[in-house]
Amino acid sequence: MHTDPGRVIRAQAEALGFTRVRFARASDAPGIAAYDAFLSQGRHGSMGWMVASRGPRANPGELLPGVRSAVVLGVDHAWPRPADPGGLTGKVASYAWGRDYHNLVGKRLRRLARDLREALPDLGVYWGVDSRPLIERAWAERSGMGFIGRNCCLIVPGQGSYLFLAVLLIDVDLEPDLPRGGADRHCGSCRRCLDVCPTDAFVDSHQLDARRCISYLTIEHRGAIPEPLRAGMGRWVFGCDLCQEVCPHNHAPPPSPEPDLAPRPDHAWLPLPALLQTPDDVLEQSLLGSPLRRPGAIGLKRNACVVLGNLGDVAAIPVLEAQRHRGDLVVEHAEWALDRLGAGS
Ligand code: SF4
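Predicted model, so just to flag it, every value in this text is computed and none were measured.

Q: Sorry if this is basic, but what is going on with unusual backbone geometry here?
A: Negative phi values dominate among residues other than glycine, just as trans dominates among peptide bonds. Positive phi outside glycine occurs at aspartate 200, with the angle close to 55°. Within the secondary structure layout, aspartate 200 lies in the loop between helix H7 (192–196) and strand S8 (202–204). Look at aspartate 200 and you get exposed, because its relative accessible area is 52%. Backbone geometry places histidine 206, a non-glycine residue, at a positive phi of 65°. Note on histidine 206: relative accessible area 44%, which makes it partly exposed.

Following this line, the structure appears as structure tokens:
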């Protein structure tokens, strides 16, 4: 009996917990013009891997010879934000409250690829999640899953942008899911995300300068945070959700079905003095399996100093002064915060 690969793929992906499954043609790669413009302006900052991975992003055939279709997968990750505990705490972007999505989605993709090879032995498969060389949101837009908003996020109309994306390339033709039309499939006259950004990271609609983006500065950037941008970080100690929080499409996102993505204790609001007082190796060990581990202990402590400076609470002075013994960039950020609190040396 003839097996419909599309039906098999959809059924197996849904069985593994992917809440969104759509197909796109893969004769060429979407989103490359915008990607090239981003790189040519140097807006990727120190993310050299974005330059290095440009080739396969533009030519999916480098990843899977004979590629014909892309399977675009999504997992909703919205959980309600735990109540603000106040005090000397820093705010964490919602995607990082639970288990590291690279682990969660990566494990499922591996299983899906394995299950598909068993069910469809002749099928060629390439899978990737985020760090892999694919522009997931562009593939998602081509598949009709949603549209790319002015905030550069993939938005499912009326359901929002709180979802993890992954793409699987295969070497058979699937009936593509086409982008749907309709007035709700673009931003209209809304500009809330551009206006809310406290560091002016949006150069224009659909144009982000990562070097000014709080998410980049607090997660990917390894050096000192430029002084003119520190005040704009406010309470964000890891990532930022502002351009998603204000989006009308995120008014009532579908709740995540994933218990593993539920907020871990203290992971939505980081207690900053405790973070600074924890030895670096112990801190990193405690964050195993969490996205919060990405900037390393030094990066997190750098961010914590900036937020403590922004909070304006002199109760932070002793813990900031205690950073002066360090021999790394945390010291300069602690000094900056102490200056803000009127306790500079
Ligand atoms: Fe588009 Fe408004 Fe959402 Fe920004 S906030 S992505 S402009 S709908």
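Moving on from the coordinates now.
Q: Whenever I open this one, the sheet that holds strand S11 (residues 269–271) confuses me. Can you help?
A: Strand pairing in a sheet is mediated by backbone hydrogen bonds. Such pairs are either parallel or antiparallel. In space, the 3 strands of this open sheet follow the order S10-S3-S11, with mixed pairing throughout. Looking at strand neighbours, the two that pair on one side only are strand S10 (236–238) and S11, the edges of this open sheet. Within the sheet, the average angular offset between the axes of one strand and its neighbour, ignoring direction, is 50°. The pairing of strand S3 (residues 89–92) with S11 spans 3 bridges and is antiparallel.

Q: How do you make sense of the site of the ligand when you look at a structure like this?
A: Taken together, Gly149, Arg150, Asn151, Ile155, Cys187, Cys190, Arg191, Arg192, Cys193, Cys247, Pro248 and His249 make up the full set of residues near the ligand. Broken down by class, the residue content of the shell around the ligand amounts to 6 nonpolar, 3 polar and 3 charged. Of the domains in this structure, domain 1 (5–79 + 100–187) and domain 2 (192–340) are the two that each give at least three residues to the shell around the ligand.

Q: How should the environment of cysteine 190 be read in this particular structure?
A: Looking at where cysteine 190 falls in the secondary structure, it is placed in the loop between strand S7 (163–170) and H7. Placed 37 residues apart in sequence, cysteine 190 and cysteine 153 show a C-alpha to C-alpha distance of 14 Å. Apart from residues lying up to four places away in sequence, cysteine 190 is in contact with Arg150 and Pro248.

Q: Looking at this structure, how should I read the packing of aromatic side chains?
A: The relation between two aromatic rings is expressed through the spacing of the ring centres and the mutual angle of the planes. Within the structure shown, the criterion is met by 3 aromatic pairs. Ring plane angle 80° and centroid distance 5.9 Å describe the contact between tyrosine 95 and tyrosine 101, whose orientation is recorded as edge-to-face. Here tyrosine 101 and phenylalanine 164 contribute two aromatic rings whose centre-to-centre distance is 4.4 Å and whose plane-to-plane angle is 10°, an arrangement assigned as stacked. Pair noted here: tyrosine 101 is in helix H5 (residues 101–119) and phenylalanine 164 is in strand S7, with a separation of 63 residues, a long-range link. Through a chain of ring-to-ring contacts, three or more aromatic side chains come together here, namely Tyr95, Tyr101, Phe164 and Phe238. Taking NZ or CZ as reference, arginine 10 lies 4.4 Å from the ring centre of phenylalanine 23, over its face.

Criteria and thresholds
- Residues numbered from 1 in each chain as written.
- Predicted model: local features only at pLDDT ≥ 70, side-chain atom pairs only at ≥ 80, totals over all residues.
- Heavy atoms only, no water.
- Helix = DSSP H or I, 4+ residues; strand = E, 2+ residues; numbered from the N terminus.
- Buried < 20%, exposed > 50% of the residue type's maximum accessible area, 1.4 Å probe, protein only.
- Pairing = 2+ DSSP bridges.
- Axes fitted to C-alpha atoms, helices over the stretch in contact; angles between N-to-C directions.
- Near = heavy atom within 4 Å.
- Nonpolar A, V, L, I, M, F, W, Y, C, P; charged D, E, K, R; others polar.
- Domains from an automatic or database assignment.
- Contact = heavy atoms within 4.5 Å.
- Phe/Tyr/Trp six-rings, centres within 6.5 Å; stacked < 30°, edge-to-face > 60°.
- Lys NZ or Arg CZ within 6 Å of the ring centre and 35° of its normal.

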